[in-house]
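The lines below spell out each chain.
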Amino acid sequence: MSDSEEHHFESKADAGASKTYPQQAGTIRKNGYIVIKNRPCKVVEVSTSKTGKHGHAKCHFVGIDIFTAKKLEDIVPSSHNCDVPHVNRTDYQLIDISEDGFVSLLTENGNTKDDLKLPTDDSLLTQIKDGFAEGKDLVVSVMSAMGEEQICALKDIGPK
């Protein structure tokens, strides 16, 4: 290779951290998290069947996608590993709501975060808009998993 060649690398700035980690299917419980069909889900139901003649107990998972609220199901042998998403919840103070449906949030270190859209959930959406219109100090909880982020809850910390 000559010195005149230039190399350009796309940087996603996550230091190669995995979006999921493996966990044995038999150890995943209700209210835990699991990846079903490449979507991060909260487990709402787990049932385990007995071992059959081929010797694997099977776990039947029913999960609800944490971003779209769609119900997904999966059946996995209990001795096999499943992907479990790294789910983080962060609170930010709401600064502004733009015309195009994006929110401006204040991070803990004083920077602003402007890349999040308003939630699609109607009741949460009206709570945020009404509270902001009334001039209340609002703190939103942002849930992130597998490279996606969404506002999932709202706290009112009083008038400004």
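On a predicted model such as this, the values are computed, not experimentally measured, just so you know. Residue indices follow the written sequence of each chain, beginning from 1 at its first position. Given that the model is predicted, a residue must reach a pLDDT of at least 70 before its local features are reported, and side-chain atom pairs must reach 80 or more before they are shown or counted; all residues, however, enter totals for whole chains, interfaces and linings. Hydrogens are left out, water is left out, and the side-chain values use all remaining heavy atoms of the structure.

What to know about the overall build of the protein chain
Going along the chain from the N terminus, every DSSP run of H or I of four or more residues is numbered as a helix, and every run of E of two or more is numbered as a strand. Counting its regular elements, the protein chain contains 1 helix and 11 strands. Residues classed as buried in the protein chain amount to 32% of the 160 residues present. Considering only intrachain contacts with a sequence separation of at least 6, the fraction spanning at least 24 residues in the protein chain is 48%. Per-residue and other accessible areas were derived by the Shrake-Rupley procedure at a 1.4 Å probe size, with only the shown protein chains allowed to occlude residues. When the accessible surface of the protein chain is split by element, carbon and sulfur atoms take 49% of a total near 10600 Å². Buried residues are those whose accessible area, probed at 1.4 Å on protein chains only, stays under 20% of the maximum for their type, while exposed residues exceed 50% and partly exposed ones sit between those limits. We call two residues in contact when some of their heavy atoms are within 4.5 Å.

Topic: the sheet that holds strand β2 (residues 33-36)
Backbone hydrogen bonds hold the strands of a sheet together, and the pairing may be parallel or antiparallel. If DSSP finds at least two bridges between two strands, the strands pair. Strand order in this open sheet of 4 strands is β2-β3-β4-β5, and the pairing throughout is antiparallel. Two strands bound the open sheet, and with one partner strand each, they are β2 and β5 (71-77). In this sheet, neighbouring strand axes are inclined to one another by 45° on average, regardless of whether the strands run parallel or antiparallel. Where strand β4 (residues 58-65) meets β5, 7 bridges bridge the pair, whose relative direction is antiparallel. Along β5, the bridge assignment pairs V62 with E73. With axes taken as lines fitted to C-alpha atoms, and helix axes fitted only over the stretch in contact, angles between N-to-C directions fall between 0 and 180 degrees.

Brief notes about unusual backbone geometry
A positive phi is found at K37, a non-glycine position, where the angle reads about 50°. Relative to the helices and strands, K37 is located in the loop between β2 and β3 (39-48). Even without being a glycine, A69 presents a positive backbone phi close to 65°. Within the secondary structure layout, A69 lies in the loop between β4 and β5.

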